[in-house]
Each structure stands twice: as structure tokens, then as C-alpha cells.
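# Geometric and topological summary
What follows is each chain in one-letter form.
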Amino acid sequence: MENQEFFETLDRFFAENQIEAAGAYLEDCLSKARQENNLSLEISVLNEMMGYYRSTDQEQKGISSVSDGLALIEKHGLEKHPAVAAMWINMGTTLCHFNRVDEAEICYQNAMEFLKEQPSKALTMAGFYNNTAAVYVKTERFEEARSGYEKALELLKSMEGESELWEDVLFNRIVTWLNILVLNQVEISKTDSKSKEMTLKEQSEILLKQIRYALQDKAFQQSSSYHFAVHKAAVCFENLEIEPEWLHEFKKIAFPDEK
């Protein structure tokens, strides 16, 4: 099996909202990759599995996929492999999601060591800053978290002229705005300053408007990333205990088969 076939099939499962089928497909592809000794495919599958288990909140399988990634790096000496930075970031993000923050930081440090030696790629670095900031939120290092999100947004802004990447840029921008909403909520819960609380609430209102505007984009609504963006927004809003009425409109577009 080639990587392109793997990604195209996986995208179809997600586009059709066949979430459980996507999970079974990932497990089958991992088995095939190992049988075929297809290292490139195994890396791709493991990276996608980590994201899948995060989004479906399957902690045991998520941590297991991280262990598999670590074992793969060690077994094949992948320190210089082009995909290793993305794998370190994925492992860190998965560990952070399941509250294993100290281990996540080690993964992010390893990713940064690799990225420092490679040609800068704005989208990869935006993802890196976005994900490492989540660790800072959980450890209440709010200034570092906000700085990370701001760096991510600056990098995404620098890519606005790259028309072939517009979908990735918009998706990552929405994810960053959602992450800042979470940061604001956590900061509000920790501050005794009424003026700071008001400032953060006002900023969150602006972010909600930006997210709504982005999800209204007609071209984006036809893209493969749209349902991921709406799903992430829905989960984020549920965790923040807010429910914008306009989200229902976008859920109907992203998941037309749901009642």
C-alpha cells in the first residue's frame, strides 16, 4: 500500500463521518505496514493514529501509539528522518492531551532540536508553537502559552499568499483561535483582576466572531478539513460550557447525516 492511497482512503472515512470505521482502517493499515516492512507507511499511520485517539479520547490506545512511535524511532535510528519532527510533535500533543505533561515537554524539546537543523517550514513551525503552548496552559505558564499562539498566528499570516495551502492555513488558524479561547478561560479562572478578566472576555468574543466568519467560508465548507474544524469547535465549546447558536448551522453542513 502506498501512502497516497492510505491518506485518500482515510480522508473518505472522515468525510463520510465514519469515525469507527476510520479507527479500524488505521489498525489494519498499521498491521499491513509492519507485514510489508514499509517504514514510511508505518510512520504515517502512527502519526494519524495518535491524532485519531486524541480526537476520540481513547487514552490507553493513544498512549500505546506514542510508545509505538518511540520504539520505531529507537529501532530504526530515525533521528534524521524527515518525518521525525512531526512524530515528536504528535507524540507530545498526545501525551499533553492525556495530561502526561512532563513527558510531552520532552517530546517537544526533541522536536525543536530537529527543527533547528532543518529548513524552516512555516506550517510545521506553526503547528509546533500551537501544540507546545498547550503544555504551558496546563502548567499555568500563561505568558509563554500566549507567545506560542501569537507566533503560530504570525507564521500562518505569512503563508496567506500560498494559494495551494489555503485550506491548511485556515484550519490551523481556527485551531489556534480555539486554543486561545481555552487559554483565556483558564486565565480568567486564575485571576483576581476584574480589568484583566474583562479584557480576556472581550478578546474571546472577538475570537468567536473570527471563528464564525471562517466557518462561513464557502470554499472551506467544501474541503476535507471542514468537518475536522467544526468537530474541534464543538468539542472546545462543550468543554468551555458555551454553545453558540450559529454552531448548529455549521454542524448541519459538516455532518449532514446526523439528526
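Here the structure is shown first, and the text comes after it.
Here is a short report on the structure shown in this document. (Residues numbered from 1 in each chain as written. Predicted model: local features only at pLDDT ≥ 70, side-chain atom pairs only at ≥ 80, totals over all residues. Heavy atoms only, no water.)

Counting secondary structure elements, the protein contains 13 helices and zero strands. Beginning at the N terminus, the succession of helices and strands in the protein can be written as α-α-α-α-α-α-α-α-α-α-α-α-α. The C-alpha atoms of the protein give a radius of gyration of 18 Å, which matches the 18 Å a tight globule of 259 residues would have. Taken along the three principal axes of its C-alpha coordinates, the protein extends 60 × 40 × 40 Å. Counting across all 259 residues of the protein, residues that qualify as buried make up 45%. Sequence-distant contacts, at least 24 apart, represent 61% of the contacts inside the protein between residues at least 6 apart. Put simply, the protein shows about 14,300 Å² of open surface, and 48% of that area lies on carbon and sulfur atoms. Averaging the coordinates of the 27 positive side-chain charges in the protein and doing the same for the 44 negative ones gives two points 3 Å apart. (Helix = DSSP H or I, 4+ residues; strand = E, 2+ residues; numbered from the N terminus. Rg over C-alpha atoms; globule rule 2.2 N^0.38 Å. Buried < 20%, exposed > 50% of the residue type's maximum accessible area, 1.4 Å probe, protein only. Contact = heavy atoms within 4.5 Å. Areas by Shrake-Rupley, 256 points an atom, 1.4 Å probe, with all protein chains shown as cover. Lys, Arg positive; Asp, Glu negative; His and termini not counted. Charge placed at Lys NZ, Arg CZ, Asp CG, Glu CD.)

Structurally, Met 112 is set in helix α6 (residues 101–116). Those residues in contact with Met 112 that sit more than four places away from it in its chain are Met 125 and Phe 128.

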